[in-house]
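Here is how the chains run, residue by residue.
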Amino acid sequence: METTSSIHQNPYQDVSSPTLVNSRLADQQGDFPTNHTPTQYTEQPLLLELSDYGLGELGLRNLGHVYRNLAIPILVEHSIARTEGILSANGALCVKTGKYTGRSPHDKYMVDEAESREEIHWSQMNVPIPEFNFDRLCRRVRSYVQGRDLYIFDGYVGADPQYRYGVRVITERASQSLFAQQLFIRPTPEQLKTHHADFTVIAVPGLHADPEDDGINSEAFIVLNLSKKMVIIGGSKYAGEIKKSVFSLMNYFMTKADVLPMHCAANMDADGNTALFFGLSGTGKTTLSADPHRYLIGDDEHGWSDHGVFNFEGGCYAKTIKLRREQEPQIWDAIRFGALMENVVLDHDTRIPDFDDSSLTENTRVAYPIEYIPNAVIPGVGRHPKTIIFLTADAFGVLPPIAKLTALQAMYHFMSGYTSKVAGTERGIKDPEATFSAGFGKCFLPLAASVYAKLLGKRLEEHPETKVYLVNTGWSGGPYGVGERVAIAHTRAMVSAAVNGDLDSVKFNPHPIFKVLVPETIPGVPDEILDPIKTWKDPQEYEKQAKQLAQLFVGNFQKFEGVPESVLEAQPNIN
């Protein structure tokens, strides 16, 4: 099968396919600011008619230059001229995001307004902020942008036109506009002429809030207003806040259309058999889904509708720490001109990236359009999944490296969402910490976990042929600090066996504590690592650790209300 140059046309028959353009040169507004003008820039074509592209309707007035959907090379030029970043030896733009090198969940808020108040699952993940405070922050944003240049990206989120939303990202940084253009779905010139923004994101990292006056925790803020379909971001240069805010909006509005929004990657084989990879950042979604022998639908955010699976985005946002070409060739080769690297350390003289250097953060990242992956599916849609993988990084080191789940166990583990937070994914995390995140992405879910679990249950009932596996990419042979991380080569072999159907004829045995079904053998994987107790020096210590984790599962599940007794039967044994 050819996987190095062709783009697979997917078999999702119910979706009409928009044509994406590689140039992405859609519109330009005004000249480069006088104080930043390179001598060669005058060769670029310019539009003579001035326009604010509707920003005045948002109260954004008295602006400097306004640029809309600039071509990638021009955005790179702007970014360099404004000293936002520098070019690396591989051609990618490299920027530093300062204090905020990852998401800042304690600075994210949901506006407490009448239209959505009764639906939102208010929690530490969904912290309410009064409308008055939101309006106050909006006024500060409007005041801040006066006289400043702004960049607009108009595009889409949702590869299936039936469930597509128009998205507008307004930023003060050219590099963040580059990020938006590479991560979301890019319009054709004809689509841009009639583009309508359903969602609006305004990102002004240079604006620092006043925690006392604005009623928030720090100078940074990420505030979602569902009724206005608007997000305002300030105080943080970390571009991931833009993408995850739009994902949170989709996680609310997709449920209205009977679509399960999922924090997962997706790919397919040559026959159109689709696989989903659930997991929090750091568990391997991007790495395992970027398989040179399969076709990538998307690496992070998808919807599962009555038609099938579709990507929310038009790009990928991959971690680069300890990146190796031999282990992740597709990601390595995607880091080239047009890609945006965050907090990757470059050699001072050669500007060659040092992907092992974590002095700025463990959460080094790169954003690139999905067509940089040679075997990407464009548009990003696929059939109903044949295989679902739940990825977890078990810091206790007691879960098997792979296990098959029954439908009830799939519901249980989806609602549990157990994993370990990996260093650098969020601010303040240095060592892996055991955590439970419903749907493997609770921090992005505005609604109660049961809403999404019921949608998953509905889809599994409609498609009983779908097989679900729990894959531990964490530790084996002992907990973090004692055991070793499961080798990526072994994980790849196990995942390949699952998605290729090689496990259909393998014998499985139930785990005595977690009840999941453990395979006796997998081609290319040592048999002794499949049963986790055999990897520990002391079986009694293993059982102690396993029961401790099982108790955490049971304790976590007590917070869920209205759970069917049948799902509770999937709980691990703690006696």
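Here is a short report on the structure shown in this document. All of these numbers come straight from a predicted model, not from anything done at the bench.

### Re helix 1 (residues 72-81)
Taken together, the buried positions of helix 1 are I72, I74, L75, V76, H78 and S79. Where helix 1 is buried, its residues meet strand 1 (66-68), strand 2 (85-87), strand 3 (93-95), strand 6 (150-157) and helix 3 (174-183). Looking one or two places after helix 1, you find T83, whose phi comes out positive at around 55 degrees.

### Describing the layout of surface pockets
Empty space within the second largest pocket amounts to approximately 500 Å³. Along the walls of the second largest pocket sit 21 residues, with H121, S123, M125, K442 and K559 positioned nearest its centre. Elements with a minimum of two residues in the lining of the second largest pocket: helix 9 (407-416) and helix 10 (449-462). Residue classes in the lining of the second largest pocket are distributed as eight nonpolar, eight polar and five charged. Two domains share the lining of the second largest pocket, each providing at least three of its residues, namely domain 1 (56-81 + 104-257) and domain 2 (385-570).

### Overview of the environment of R136
Structurally, R136 can be placed in helix 2 (residues 131-145). Expressed as a C-alpha distance, the spacing of R136 and D214, which sit 78 residues apart in the sequence, is 7.3 Å. R136 has contacts with D213 and D214, leaving out every residue within four places of it along the chain. Of the polar contacts made by the side chain of R136, one reaches the backbone oxygen of D213; its length is 3.5 Å.

### A look at the pattern of salt bridges
Overall, the coordinates contain 27 salt bridges when judged by the stated rule. Where R140 meets D214, a salt bridge forms, and the shortest distance between an N and an O atom there is 2.8 Å. Within this pair, whereas R140 is found in helix 2, its partner D214 is found in helix 5 (residues 211-214), the two being separated by 74 residues in sequence. For the salt bridge of E190 with K193, the shortest nitrogen-to-oxygen distance reads 3.0 Å. Of this pair, E190 and K193 are both found in helix 4 (residues 189-193), three residues apart, which corresponds to roughly one turn of the helix.

### Regarding empty space enclosed by the protein
Considering all chains together, one arrives at six cavities of 30 Å³ or more under this definition. What lines the second largest cavity is R103, S104, P105, K108, I222, E241, K244, S245, S248, C443 and F444. If you tally residues by element for the lining of the second largest cavity, the top one is helix 6 (residues 240-253), at four residues. Here the residues of the lining of the second largest cavity sort into four nonpolar, three polar and four charged.

Conventions adopted
- Residues numbered from 1 in each chain as written.
- Predicted model: local features only at pLDDT ≥ 70, side-chain atom pairs only at ≥ 80, totals over all residues.
- Heavy atoms only, no water.
- Buried < 20%, exposed > 50% of the residue type's maximum accessible area, 1.4 Å probe, protein only.
- Helix = DSSP H or I, 4+ residues; strand = E, 2+ residues; numbered from the N terminus.
- Contact = heavy atoms within 4.5 Å.
- 1 Å grid on protein atoms, 1.4 Å probe; cavity = no way out; pocket = protein on both sides within 12 Å on 5 of 7 lines; lining within 4 Å.
- Points joined across faces, edges and corners; volume = space filled by probe spheres on them.
- Nonpolar A, V, L, I, M, F, W, Y, C, P; charged D, E, K, R; others polar.
- Domains from an automatic or database assignment.
- Polar contact = N/O pair within 3.5 Å; in protein donor to acceptor, adjacent residues only side chain to side chain.
- Salt bridge = Lys/Arg side-chain N within 4 Å of Asp/Glu carboxyl O.

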